[in-house]
Amino acid sequence: MARLSIRIDLGPDWRIGPGKVQLLEAIAEHGSISAAGRALGMSYRRAWLLVEDMNKGFGRPVIEAQIGGKAGGGARLSAFGTDVIAHYRAIERAAEKAAAPFLARLAQPADPAV
């Protein structure tokens, strides 16, 4: 089955795509950058660098640190980080809907008679 993978170029060296959005979703689910990284099979350093890249690119934080207590600190999405996910997924759905007939045609098996 053919499907789209959306990468949005927001500047010359600044883009967001499925990997960064999945990382934000994993941070929301797991409550920390390190746990999100583990869930996605990436190091804490890689996850942190991606978060920093998003913070720098957007010019505002996509996550907020949570001060630790018994269970230690963590991270949660900022309101803006939540919006990033929502807008990216909306773009993805709209693009998939628009592209569906074209993707279906591309995914059809070759006609052996041709």
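- Under an unreviewed UniProt entry, the name given to the protein chain is Winged helix-turn-helix domain-containing protein, and the source organism is Methylorubrum podarium.

1. Examining the UniProt feature "domain: HTH lysR-type" (unreviewed entry) in the protein chain
Now for step 1: Taking the UniProt record as the reference, the feature "domain: HTH lysR-type" (unreviewed entry) is found at residues 21–65.
Now for step 2: Along residues 21–65 one finds 73% helix and 7% strand; the C-alpha atoms at either end are 18 Å apart.

2. Side note on the packing of aromatic side chains
Now for step 1: One pass over the full model with this rule turns up three aromatic pairs.
Now for step 2: Aromatic side chains Tyr 44 and Trp 48 sit 6.4 Å apart centroid to centroid with 15 degrees between the ring planes, which places their arrangement in the stacked category. Separated by four residues within a single helix, Tyr 44 and Trp 48 lie in helix 3 (residues 44–58), roughly one turn from each other.
Now for step 3: Look at Tyr 44 and you get partly exposed, because its relative accessible area is 46%.
Now for step 4: When the centroid spacing of 5.0 Å and the interplanar angle of 75 degrees are considered together, the rings of Phe 58 and Phe 80 count as edge-to-face. Highlighted residues: Phe 58 in helix 3 and Phe 80 in helix 4 (residues 79–107), separated in sequence by 22 residues.
Now for step 5: You can call Phe 58 partly exposed: its relative accessible area is 23%.
Now for step 6: Among the aromatic side chains, those forming a connected cluster through ring pairs are Trp 14, Phe 58 and Phe 80.
Now for step 7: When the ring centre of Phe 80 is taken as origin, the NZ or CZ atom of Arg 60, which lies over that ring, is 3.8 Å away.

3. Observations regarding the side chain of Ser 32
Now for step 1: For Ser 32, the position within the fold is in the loop between helix 1 (18–30) and helix 2 (33–40).
Now for step 2: Take Ser 32: its relative accessible area is 13%, and that puts it in the buried class.
Now for step 3: A distance of 2.9 Å separates the side chain of Ser 32 from the backbone nitrogen of Ala 35, its partner in a polar contact.

Procedures and definitions
Residues numbered from 1 in each chain as written. Predicted model: local features only at pLDDT ≥ 70, side-chain atom pairs only at ≥ 80, totals over all residues. Heavy atoms only, no water. UniProt positions renumbered as here; feature names shortened; annotations may be inferred. Helix = DSSP H or I, 4+ residues; strand = E, 2+ residues; numbered from the N terminus. Phe/Tyr/Trp six-rings, centres within 6.5 Å; stacked < 30°, edge-to-face > 60°. Buried < 20%, exposed > 50% of the residue type's maximum accessible area, 1.4 Å probe, protein only. Lys NZ or Arg CZ within 6 Å of the ring centre and 35° of its normal. Polar contact = N/O pair within 3.5 Å; in protein donor to acceptor, adjacent residues only side chain to side chain.

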